[in-house]
Amino acid sequence: MEENASRQEKVRKFEDFVDRRLKPDLVKAIAERDKIFQQQKVFQDLKRNIQILEKNGANSLRTMVNLGSEVYMQADVPDTRHIFVDIGMGFHVEFTWSEALDFILIKEARLAKYLLTFEYIMIF
């Protein structure tokens, strides 16, 4: 009887640990993983857009810009040969198309490596 009560107490402590510590950590980890997926999508979209501009030889561009709350405005870009890329921490760098593609390749590799490490940690 004592042994059964002791076992039940251990199970209750373990369940409490899972509920108070592991489940919130899992929620945070999933949110962090989703942020990485979003960053990967942004860089893939940027790479695809740059490649389309290069393929078409576009030196100028007319586009729609989201001002927020799904309000859009037409914008004319007179020179598309240089673009500003958000490199993180609120900093933007002016790149040529080839420089931007090089940066994107490096950034995608780092995100993929971080994601693999992150997923490995989530398994354990």
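The numbering scheme is per chain: residues are counted from 1 as the chain's sequence reads. In view of the model being predicted, local features appear only for residues whose pLDDT reaches at least 70, and side-chain atom pairs are presented and counted only at 80 or more, with totals across whole chains, interfaces and linings using the full set of residues. As a rule here, side-chain values come from all non-hydrogen atoms in the structure, and water together with hydrogens is ignored.

By the naming in an unreviewed UniProt entry, the chain goes by Protein UXT homolog and is assigned to Platanthera guangdongensis.

Asks: It is not clear to me how the nonpolar core should be interpreted in this structure. Could you clarify?
Replies: Nonpolar side chains in soluble globular proteins tend to be buried together. Definition of nonpolar core: a set of buried residues of the types Ala, Val, Leu, Ile, Met, Phe, Trp, Tyr and Cys, connected through side-chain atoms within 4.5 Å. Only protein chains enter the accessibility calculation, which uses a 1.4 Å probe; a residue whose area is less than 20% of its type maximum is buried, one above 50% is exposed, and one in between is partly exposed. Of all hydrophobic cores here, the largest spans 15 residues; its most connected members are Phe 43, Ile 50, Ile 83, Val 85 and Ala 100. Helix and strand definitions here come from DSSP, where helices need a minimum of 4 consecutive H or I residues and strands a minimum of 2 consecutive E residues; each element is numbered from the N-terminal end. Secondary structure elements with two or more residues in this core: helix 1 (2–56), strand 3 (82–88) and helix 2 (97–123). Looking at this core, the element that brings in the most residues is helix 2, giving seven residues. When residues no more than four places from it in sequence are discounted, the contact partners of Ile 83 are Leu 46, Ile 50, Val 93, Glu 94, Phe 95, Trp 97 and Ala 100. Residue contacts are defined here by distance: any two heavy atoms, one from each residue, within 4.5 Å place the two residues in contact.

Asks: When you look at the layout of surface pockets in this model, what are you seeing that I'm missing?
Replies: If a probe the size of a water molecule is rolled over the atoms, the empty space left behind becomes visible. Within this model, the largest pocket holds a volume of roughly 570 Å³. What lines the largest pocket is a set of 20 residues, among which Leu 46, Asn 49, Ile 83, Phe 84 and Val 85 lie closest to the centre. For the lining of the largest pocket, the secondary structure elements donating two or more residues are helix 1 and strand 3. Examining the composition of the lining of the largest pocket, we find that nine residues originate from one element, helix 1, more than from any other. Partitioned by chemical class, the residues of the lining of the largest pocket number 12 nonpolar, six polar and two charged. Buriedness of a pocket was judged along seven lines, with at least five required to meet protein on both sides within 12 Å; pockets are open sets of points on a 1 Å grid over the protein atoms alone, cavities are sets where a 1.4 Å probe fits but cannot get out, and lining residues have an atom within 4 Å of a point. Grid points are joined across faces, edges and corners, and a volume is the space filled by probe spheres set on the points. For this scheme, ten residues count as nonpolar: Ala, Val, Leu, Ile, Met, Phe, Trp, Tyr, Cys and Pro. Four count as charged, namely Asp, Glu, Lys and Arg, and the remainder, Gly too, count as polar.

Asks: Help me understand the pairing of strand 4 (residues 91–96), please; the structure alone is not making it clear to me.
Replies: Of the strand pairs in this sheet, strand 3 and strand 4 are connected by six bridges, and their pairing is antiparallel. Pairing of Asp 86 across the sheet is with His 92, part of strand 4. At least two DSSP bridges between two strands are needed for those strands to be called paired. The turn joining strand 3 and strand 4, which pair antiparallel and follow one another in sequence, is formed by two residues; a positive phi near 60° is taken by Met 89.

Asks: Just to check I follow, could you spell out the pattern of salt bridges for this structure?
Replies: When their charged atoms lie close together, side chains carrying opposite charge are able to pair. We define a salt bridge as a side-chain nitrogen of Lys or Arg found within 4 Å of a carboxyl oxygen belonging to Asp or Glu. Following the criterion strictly, the structure yields 11 salt bridges and no others. As a salt-bridge pair, Asp 34 and Arg 33 come within 3.4 Å of each other at their nearest N and O atoms. Since its relative accessible area comes to 39%, Asp 34 is described here as partly exposed. Taking the shortest distance from any N to any O, the salt bridge between Arg 81 and Asp 79 comes out at 2.8 Å. Assessed through its relative accessible area of 47%, Arg 81 is described here as partly exposed. On the basis of relative accessibility, which here comes to 31%, the residue Asp 79 falls in the partly exposed class.

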